[in-house]
Amino acid sequence: MNVVCIILWSLLLLVVVVVAVVLFCPALVKLVYDGENITLWIGYFFPFIKILPKKKKDEENISSSDNSEKTISEKKKSAENKAKKNKNNKKTGSDPQEKDGNEMVRFFKRLMKKRGLEGLLELLRDIAEIVMKTVKTVTSHLIISKMDINVVIVGEDPADTAMRFGYTCSAIYPLVALIEENIRKCHHRVQVTPGFAAEKTAVYLMLTAKLVPVFALIAAVSALVKAIKTYLKFKQ
């Protein structure tokens, strides 16, 4: 009996340790934009996995043509079956998307009828508050370990270049300051220069960020609870 208890407690402890590691191990995101292409990597426990860019269409077409065994008759049959399903859904009125849409419309109509425009505005305000608090909770634990922004502005002539340079600076620097104010840490380097001798405008962005999943989970659960309370409040 003691041996069984020890095994059970050991398994329970192992589960707790695994869950703790999963929740507290930071998820990493790396983004690179060179003015033409976006490359995105995501890392969690293991080395970075490339998410973007996706495989080229030519490679996908070759692989799909090699692996595909569908004949023209089979495609026709699938199309006919799909048409029959759509026809049956229209007859029976069992389209799930239509039901969801109608349910949402009925909810807003009932709300407008009971509480008027003020009730609708109150609902939208509560939704916005939930979204803002959720975003703030997540960003307050977000760490940008590296953010490099390098922009070279080129206009039609020196005067146009100088004007565009001013507009770009007035947009980028306040945005970076806003990001720095609303996240936990942000190590950044921003360089915006007028390219009087350059041929065309060039943009380069490299971003590396990390977030501990437990904080995102807490924010999601909190948002879900508040959303349910808000729904029940306005459903009455």
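The coordinates are above.
Just so it is clear, the model here is predicted, and its values are computed rather than measured.

Participant: Would you mind going over the overall build of the protein chain with me for this structure?
Facilitator: Helix and strand counts for the protein chain come out as 6 helices and 6 strands. Walking the protein chain from its N terminus toward its C terminus, one meets helices and strands in the order α-β-β-β-α-α-α-β-α-β-β-α. For the protein chain, the proportion of its 236 residues judged to be buried stands at 18%. Put simply, 67% of the contacts in the protein chain that link residues at least 6 apart link residues at least 24 apart. On the protein chain, roughly 18000 Å² of surface is accessible, and the fraction owed to carbon and sulfur atoms is 64%.

Participant: Even after reading the chapter, I still don't get the pairing of strand E5 (residues 185-194), so can you show me in this structure?
Facilitator: On a regular strand, one side chain projects to one face of the sheet and the next to the other, so that they alternate. Bridge count for strand E4 (residues 143-153) against E5 is 9 bridges, and the pairing is parallel. Bridge assignment links asparagine 150 to a residue of E5, and that residue is glutamine 191. For the handedness criterion, the β-α-β arrangement of E4, helix H5 (residues 158-182) and E5 is classed as right-handed.

Participant: Would you take a moment to explain the sheet that holds strand E1 (residues 27-33) for this structure?
Facilitator: Paired through their backbone hydrogen bonds, the strands of a sheet run either parallel or antiparallel. Pairing within the open sheet is mixed, and its 6 strands lie in the order E3-E2-E1-E6-E4-E5. Because the sheet does not close on itself, it has two edges, and the strands there are strand E3 (49-52) and E5. Between one strand axis and the next, the sheet turns through 10 degrees on average, direction left out of account. Here 9 bridges tie E4 to strand E6 (residues 202-211), and the two strands are oriented antiparallel to one another. Each bridged residue has a counterpart across the sheet, and for lysine 146 the counterpart in E6 is threonine 208. Strands in contact with H5 are E4 and E5; relative to E5, the strand with the most contacts, it is inclined by about 175 degrees.

Participant: Please clarify how the pairing of strand E2 (residues 38-43) should be interpreted in this entry.
Facilitator: Judged from the 6 bridges that link them, E1 and E2 form a sheet pairing that is antiparallel. Counted as the bridge partner of tyrosine 33 is isoleucine 38 from E2. Connecting the antiparallel pair E1 and E2 is a turn made up of 4 residues, with glycine 35 showing a positive phi of about 100 degrees. Direction of pairing for E2 relative to E3: antiparallel, over a ladder of 3 bridges. Bridge pairing in E3 places leucine 40 opposite leucine 52.

Conventions adopted
Residues numbered from 1 in each chain as written. Predicted model: local features only at pLDDT ≥ 70, side-chain atom pairs only at ≥ 80, totals over all residues. Heavy atoms only, no water. Helix = DSSP H or I, 4+ residues; strand = E, 2+ residues; numbered from the N terminus. Buried < 20%, exposed > 50% of the residue type's maximum accessible area, 1.4 Å probe, protein only. Contact = heavy atoms within 4.5 Å. Areas by Shrake-Rupley, 256 points an atom, 1.4 Å probe, with all protein chains shown as cover. Pairing = 2+ DSSP bridges. Right-handed = clockwise from strand over helix to strand, strands pointing away. Axes fitted to C-alpha atoms, helices over the stretch in contact; angles between N-to-C directions.

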